[in-house]
Structures are given as structure tokens and as C-alpha cells.
Amino acid sequence: MLIKKPDDIKASEITDKQVYLDRRLFMRGAALAATTVATGLLYRKLNPPPAETPKGEKLADFAKPTSDAALGEGFTVNEQLTPLEDITNYNNFYEFSTDKGSVASESKGFVTKPWTVSVEGLVNKPRTFDLDELLSFPLEERVYRLRCVEGWSMVIPWIGFPLAKLLEKAEPTEQVRYVAFQTLYDPKRMPNQRTGVLDWPYVEGLRLDEAKHPLTILATGLYGETLPPQDGAPIRLVVPWKYGFKSIKSIVKIQLIADEPPTTWNIQAPNEYGFYSNVNPNVPHPRWSQAKERRIGEFRMRETLMFNGYAEQVAGLYTGMDLRRYF
Ligand SMILES: Nc1nc2c(c(=O)[nH]1)N[C@H]1C(S)=C(S)[C@@H](COP(=O)(O)O)O[C@H]1N2
Ligand SMILES: [Mo]
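Calculation notes
- Residues numbered from 1 in each chain as written.
- Chains lettered and ligands numbered in written order.
- Predicted model: local features only at pLDDT ≥ 70, side-chain atom pairs only at ≥ 80, totals over all residues.
- Heavy atoms only, no water.
- Near = heavy atom within 4 Å.
- Polar contact = N/O pair within 3.5 Å; in protein donor to acceptor, adjacent residues only side chain to side chain.
- Nonpolar A, V, L, I, M, F, W, Y, C, P; charged D, E, K, R; others polar.
- Helix = DSSP H or I, 4+ residues; strand = E, 2+ residues; numbered from the N terminus.
- Pairing = 2+ DSSP bridges.
- Salt bridge = Lys/Arg side-chain N within 4 Å of Asp/Glu carboxyl O.
- Buried < 20%, exposed > 50% of the residue type's maximum accessible area, 1.4 Å probe, protein only.
- Contact = heavy atoms within 4.5 Å.
- Core = buried A, V, L, I, M, F, W, Y, C linked by side-chain atoms within 4.5 Å.
- Phe/Tyr/Trp six-rings, centres within 6.5 Å; stacked < 30°, edge-to-face > 60°.

Not every one of the 15 residues close to ligand 1 is listed here, only the nearest: Tyr94, Glu95, Asp231, Ser247 and Lys249. Note that a nitrogen atom of ligand 1 is positioned 3.0 Å from one of the side-chain N or O atoms of Thr183. Grouping the amino acids of the shell around ligand 1 by side-chain chemistry returns 6 nonpolar, 5 polar and 4 charged.

This paragraph deals with unusual backbone geometry. Cis geometry marks the peptide bond from Trp200 to Pro201; its omega dihedral reads -5 degrees. Structurally, the position occupied by Pro201 is in the loop between β6 (178-183) and β7 (203-207). Here the bond from Ala233 into Pro234 is cis, since omega is 0 degrees, no more than 30 degrees from zero. Relative to the helices and strands, Pro234 is located in the loop between β9 (225-226) and β10 (236-238). Even without glycine at this site, Ser250 takes up a positive phi of about 45 degrees.

Glancing now at the pairing of strand β2 (residues 116-121). The side chains of a regular strand alternate between the sheet's two faces. In this sheet, strand β3 (residues 127-130) lies alongside β2 in antiparallel orientation, the contact comprising 4 bridges. The residue bridging Val119 from the neighbouring strand is Arg127, located in β3. Between β2 and β3, which pair antiparallel one after the other, the connecting turn spans 5 residues. Note: β2 against strand β11 (residues 251-257), 4 bridges, orientation parallel. The partner of Glu120 across the bridge, within β11, is Gln255.

With that settled, consider the pattern of salt bridges. If the charged atoms of two oppositely charged side chains come close together, the side chains can form a pair. Applying the stated criterion across every chain yields a total of 19 salt bridges. We note a salt bridge from Lys58 to Glu225, for which the minimum N-O separation is 2.9 Å. Of this pair, Lys58 sits in the loop between α2 (40-46) and β1 (62-63) while Glu225 is found in strand β9, placing the two residues 167 residues apart along the sequence. Exposure remark for Lys58: the relative accessible area of 67% places this residue in the exposed category. Between Glu120 and Lys253 there is a salt bridge; the shortest N-O distance is 3.9 Å. In this pair, Glu120 is assigned in strand β2 and Lys253 in strand β11, connecting sequence segments 133 residues apart.

Moving on: the environment of Thr220. Within the secondary structure, Thr220 is located in strand β8 (residues 217-222). Along the sequence, Thr220 and Ala233 sit 13 residues apart, while their C-alpha atoms lie 7.1 Å from each other. With sequence-adjacent residues up to four places away left out, Thr220 is seen in contact with Leu59, Leu135, Leu139, Ile159, Gly160, Phe161, Glu225, Thr226, Leu227, Pro234 and Ile235.

It is worth spelling out the nonpolar core at this point. Among the nonpolar cores identified, the biggest contains 81 residues, and Trp158, Leu166, Phe181, Leu218, Leu237, Trp241 and Ile254 are the most heavily contacted of them. Tallying contributions element by element places strand β5 (residues 152-162) first for this core, with 7 residues. Setting aside anything within four residues of it in sequence, one finds Leu237 in contact with Leu163, Phe181, Leu206, Thr216, Ile217, Leu218, Lys246, Ser247, Ile248 and Ile251.

Quick look at the pairing of strand β4 (residues 139-147) now. Burial within β4 is extensive, with 8 of its 9 residues counted as buried. For β1 and β4, the ladder comprises 2 bridges, and the chain directions are parallel. The partner of Phe62 across the bridge, within β4, is Leu139. One ladder, built from 8 bridges, connects β4 with β5; its direction is antiparallel. Paired with Arg142 across the bridge in β5 is Trp158. The hairpin formed by β4 and β5 contains 4 residues between the paired strands, and Gly151 there has a positive phi angle of roughly 110 degrees.

The topology assignment puts Asn308 in the loop between β13 (302-303) and α10 (311-314). Once you skip the residues sitting within four places of it in the chain, Asn308 turns out to touch Arg145, Leu146, Arg147, Pro240, Trp241 and Val279.

All right, on to the packing of aromatic side chains then. Under the defined criterion, the tally for this structure stands at 15 aromatic pairs. On the basis of an interplanar angle of 75 degrees and a centroid distance of 5.3 Å, the ring pair of Phe96 and Phe110 is categorised as edge-to-face. Residue Phe96 is found in the loop between α4 (84-87) and α5 (103-107), and its partner Phe110 is found in the loop between α5 and β2; the two are separated by 14 residues along the sequence. Exposure class is identical for Phe96 and Phe110. Each is buried. Ring geometry for Phe275 and Tyr276: centres 5.3 Å apart, planes at 85 degrees, overall edge-to-face.

Structure follows, in C-alpha cells:
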């Protein structure tokens, strides 16, 4: 693994890699581009899967949104799924490693039982939910695009439930305008928290209307099984119209509050990462364009879509807002 002193690692680390592709991904892209008959066999030959993909527990009871209505609501997309091997071997999860290829090995064996998520703040019924309670919300599959601010994207078949369903159990009061999220802080279990690469714990936030939007889910699984550690086990947020870093992993605390909460990447580099962080091809990051992206496994760049392709569902949340100012 890559060893760095904390001082050597800057916020710009999640930045400088827009054109970066590891060799494996490059070879795969080249192989696909080189032939129009890139059969599964050839693909596998040129790109042997890594030794391990994590073994989760099967999640039996979840609804699959296959109807046209689900497409219209953005609950699923008609696009090729990113292979499980890539979803679980190319990760951002700084609590384990700043190297995308090392998160899988560094997070292996991460213990997520027992686990609780507290829901507190300006609510009538503050509560702590254990994992069984969280898994007993009616689970649905949601096939979402995920786009990282660095310029890569994936299509992931998440399993989870709308965040709104959890929030309503706590009975938020009238004063609530924002929701704040916190990742576990436990350097024994998340060894990279011993370094100062980020301010720990990782924190994120949403405006209440964003949090209650039907596309915003808490994911407890992907590809039909419980979440692998590297993807945010046992429960993580997924907000598909925002850059990947808003989708905070391994959540232990959710607070319903009145004022805009601090967020990790904004603390780290306020001029580069705003509170909203909506995917927006028209507003470049200060040091690079956000107009295009590379779907993992593909060679040719794709045009990045406004709100990551979810404009029809979420543009209304931002009517009248200057999205250059509120980036
Ligand atoms: N706690 C925590 N959550 C996190 C991160 C992190 O470093 N720590 N990285 C974010 C970033 S930058 C991205 S792109 C996504 C990546 O999710 P994935 O590895 O499941 O694809 O997780 C986000 N959630
Ligand atoms: Mo990211």
C-alpha cells in the first residue's frame, strides 16, 4: 500500500487524477475499443477479476423497480451495470486508504456488528436504530449512476430504503431545515483515522427537502447482498444527483438541525467543494472541467449530464438558486 505522511497529502489529492486511470482500467478500455466483438470471454481473459470479491449476506426481500414508472422517477436506469469487481475494488474511503485500489484490502474484516444509527436533534422522538431494525425497512433496489468529482462514474444496483422513512420515525419539528450525517470514528477499526488526511469523523449534510426526496436513500446492500466494507457497510447514504463525496459511508449519527452543517470536503478546501455539490457540467471545479466523465470500464468519455441525469426529478429543488454561487 501507499505510505504517506499526513503532511504530504493535501485536499488536492482527490483532484489531480481526472486523467488518471490505473493500468487495469486502461487495458480494459483499450481492449474494448480495439474490437467490436469484445466478447465476455475475451474481456475476462484480458481482465482477470481480482482474487477476491467480498462475500456478503444475501438480501432476500427487496422490490425491483422494473416498470416504466420507476424509470420516469429515476429509480432505475437502462444502462449497463458496472461489474461488482470494479464497484468493490475502486473505492474512495479515506478512513481505510487514500489509494482507491487499496480500500478493499485495508477494509477487509471491518466489523459492523453490532451497529447502531442514532437519529437526534430537533425531533420529538430521538431514537437509536440497530442494524436489524434498519434492515427491516421495506428494501428496494435502486439502479443509480454515481459520479465522483474526480471524473469517473459507475452504475450501481443499490439496495436500501428512502431516508425519508427513517427521518419520519423521529418526528422532526418545524424548526428542522437541514440534516447532518456522521461516519463512525474508531481508529482501531478504521486505521487511516490515525492520520490527519481529513478532519475525523467524516461529516456530510443535506437540506431537509433534499434529504426527504424519494431518490435519496440509505443503502444497506448492492448486487443483492449486504454492503461490502469498502462501499460503506453496514449503511451509507446515496444521493445520485450529487458528486460521490456527498454519499457518506458507515453512518452512525443523523442529526436534524436548523442551520447548514459543516461538511468534510468543504472544511478541507472551501473554494473547491461547496455544500450543495450538485453534479453540474456547466460549473467547472476551480482546477478542472466537469463537462465529461469516464464510465468505469469504458474508453470513450461521456458527456456529464446536469444533476447527473436526474434533472427531471430534482431540478425543482433549486429553482431560483444561482448554482454557480451555491456550488
Ligand atoms: N466516510 C466516508 N464516506 C465517503 C468517502 C470517504 O472517504 N469516507 N468518500 C466519498 C467519495 S469521494 C466517493 S466518490 C464515494 C465512493 O463510493 P464507492 O467507493 O462506494 O464507489 O464515497 C463517498 N463517501
Ligand atoms: Mo469522490
